[in-house]
Amino acid sequence: MKIKKAVIPVAGLGTRFLPATKTVPKELLPIVDIPAIQYVVQEAVDSGISEVIFVTGRGKDSIEDHFDESPELEQVLEQRGQKETLKGLRQIAAMIEVVSVRQKKPLGLGHAVLCARDLVGEEPFAVLLSDDLIDAPSPCLRQLLEISEEKKESVIALRRVPDHEVQRYGIVQGKQLGDRLYEVESMVEKPHPNETTSRLAIIGRYILRPEIFALLERAAPGKGGEIQLTDGIADLARQKKVYGYEFEGEHYDIGDKLGFVRATVAYALKRADLKKPIREYLRGVIDRK
Ligand code: G1P
């Protein structure tokens with residue numbers, strides 16, 4: 001079955017980016033001039049997804065507004081003859097069908113995904129986390145979809161991380177099946193580097209079978225007292241095969257301040273209008289040090 005729906009949890013409070021996130025959802029913080037969430041939705045669209053399900057919370061309405069039409073703004077741009085900007089805005093509104101559901105309490109990522117159950121239905125679906133930006137020749141989600149279409153099973157994105165980053169991610173133990181492909185044997189949420197020999201971290205792109213919902217419903221609170229998606233997928237791996245794929249592409253963890261700045265610089269350097277002046281500026285900064 002073709003996977004059409006993608007769940008994007010956006011209810012998180014963004015406390016790591018306070019005070020910026022006091023009134024602005026962290027998902028709308030821009031990388032250059034595009035809100036982070038738009039890169040993630042674009043990846044879903046480019047991967048063939050046709051419906052996005054936002055799992056939102058209080059104070060997050062402006063994320064949905066970003067993907068809606070904006071008649072007043074469009075009228076002003078039209079009157080001013082700013083045709084290119086207007087075209088860009090209309091393209092965002094036409095990108096994809098958006099629906100949303102509220103996560104009323106911050107009970108964890110697994111609980112957020114469970115909130116989307118009725119909107120997903122009994123079909124496999126994708127999950128994308130907006131803290132993870134991936135710059136790849138073929139969209140990361142597309143890479144996972146190709147495997148899930150062949151195997152008809154769940155697939156999660158993996159990246160090898162250094163010891164000091166192990167505690168920031170879900171970590172997978174698996175059997176290597178191919179160059180980049182693994183069969184997941186077990187997984188643990190944010191372990192201490194001494195607790196696991198694996199350095200394969202889960203990055204926020206998943207293709208999941210609908211059986212995950214029943215497992216998340218039964219799941220006991222895990223790390224941090226939250227219902228963890230990692231624990232749900234570990235349960236799923238005991239019933240069905242779950243694959244892990246070390247995707248091709250550059251990952252930016254923009255939930256982390258250094259990662260956010262790295263992404264800002266890297267995405268700016270990809271822009272024809274900014275590349276040259278930014279390279280010159282960066283050289284100047286380094287030379288002065
Ligand atoms: C979540 C998941 C974790 C995963 C990470 C990827 O953690 O719980 O397993 O490795 O996303 O970014 P969070 O970053 O939301 O704390």
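Residues numbered from 1 in each chain as written. Predicted model: local features only at pLDDT ≥ 70, side-chain atom pairs only at ≥ 80, totals over all residues. Heavy atoms only, no water.

Okay, the environment of Arg271 next. By the secondary structure assignment, Arg271 is in the loop between α10 (257-269) and α11 (275-288). When the C-alpha positions of Arg271 and Val32 are compared, they lie 9.5 Å apart, and in sequence the two are 239 residues distant. Setting aside anything within four residues of it in sequence, one finds Arg271 in contact with Val32 and Asp33. Within the structure, Arg271 has its side chain in polar contact with the side chain of Asp33 (distance 2.9 Å). (Helix = DSSP H or I, 4+ residues; strand = E, 2+ residues; numbered from the N terminus. Contact = heavy atoms within 4.5 Å. Polar contact = N/O pair within 3.5 Å; in protein donor to acceptor, adjacent residues only side chain to side chain.)

In the vicinity of the ligand, the contacting residues are Leu109, Leu129, Asp132, Tyr169, Gly170, Glu189, Lys190, Ile202, Gly204, Gln228 and Thr230. Ile202 places a main-chain nitrogen or oxygen 2.6 Å from an oxygen atom of the ligand. Between the ligand and the protein, one listed contact pairs an oxygen atom with a side-chain N or O atom of Thr230 at 3.1 Å. Expressed as a share of its isolated accessible area of 380 Å², the protein-covered part of the ligand is 83%. Most atoms of the ligand, that is more than half of them, are within 2 Å of grid points of the largest pocket. Residues belonging to the shell around the ligand are distributed by class as follows: 4 nonpolar, 4 polar and 3 charged. (Near = heavy atom within 4 Å. Areas by Shrake-Rupley, 256 points an atom, 1.4 Å probe, with all protein chains shown as cover. 1 Å grid on protein atoms, 1.4 Å probe; cavity = no way out; pocket = protein on both sides within 12 Å on 5 of 7 lines; lining within 4 Å. Sits in = over half its atoms within 2 Å of the grid points. Nonpolar A, V, L, I, M, F, W, Y, C, P; charged D, E, K, R; others polar.)

Before going further, it helps to spend a moment on the packing of helix α3 (residues 71-79) against helix α4 (residues 83-94). For the pair α3 and α4, the least separation of the axes is 9 Å and the interaxial angle reads 155°. As the angle between them shows, α3 and α4 are arranged roughly antiparallel. Here the hand of the crossing between α3 and α4 comes out left-handed. Contact residues: α3 offers Leu73, Glu74, Leu77 and Glu78, while α4 offers Thr85, Leu86, Leu89 and Arg90. (Axes fitted to C-alpha atoms, helices over the stretch in contact; angles between N-to-C directions. Parallel < 35°, antiparallel > 145°, perpendicular 65-115°, else oblique. Left-handed = near helix turned anticlockwise from the far one by under 90°.)

A word on the side chain of Ser47. Relative to the helices and strands, Ser47 is located in the loop between α1 (36-46) and β4 (51-56). Judged by relative accessible area, which is 1%, Ser47 ranks as buried. A polar atom in the side chain of Ser47 sits 2.7 Å from the backbone oxygen of Glu43. Among all residues touching Ser47, those that are not within four sequence positions of it are Pro139, Leu141, Arg142 and Leu145. (Buried < 20%, exposed > 50% of the residue type's maximum accessible area, 1.4 Å probe, protein only.)

Once that is clear, we can look at α4. With 12 residues, α4 extends 16 Å from end C-alpha to end C-alpha; this agrees with the ideal 16 Å at 1.5 Å per step. Regarding α4, the residues found buried are Leu86, Ile92 and Ala93. Down the axis of α4, the buried set is contained in an arc of 120°. They therefore lie on one face. Away from the buried face of α4 by more than 90 degrees, exposed residues Lys83, Glu84 and Ala94 are located. (Expected span 1.5 Å × (residues − 1). Arc of directions from axis to C-beta.)

This part is about the pattern of salt bridges. Pairing is possible between side chains of opposite charge, provided their charged atoms come close. Under the criterion given, the structure shown has 27 salt bridges. Linking Arg16 and Asp131 is a salt bridge whose minimum nitrogen-to-oxygen distance equals 3.9 Å. Of the two residues, Arg16 sits in the loop between β1 (5-9) and β2 (30-31) while Asp131 sits in the loop between β6 (125-128) and β7 (132-135), which places them 115 residues apart along the sequence. With relative accessibility at 47%, the residue Arg16 sits in the partly exposed group. Glu280 is paired through a salt bridge with Lys276; the nearest N and O atoms lie 3.6 Å apart. In this pair, Glu280 and Lys276 both sit in helix α11, 4 residues apart, roughly one turn of the helix. When its relative accessible area of 46% is taken as the criterion, Glu280 is described as partly exposed. What makes Lys276 exposed here is its relative accessible area of 58%. Each member of the salt-bridge network shares a partner with another, and the members are Lys4, Lys5 and Glu123. (Salt bridge = Lys/Arg side-chain N within 4 Å of Asp/Glu carboxyl O.)

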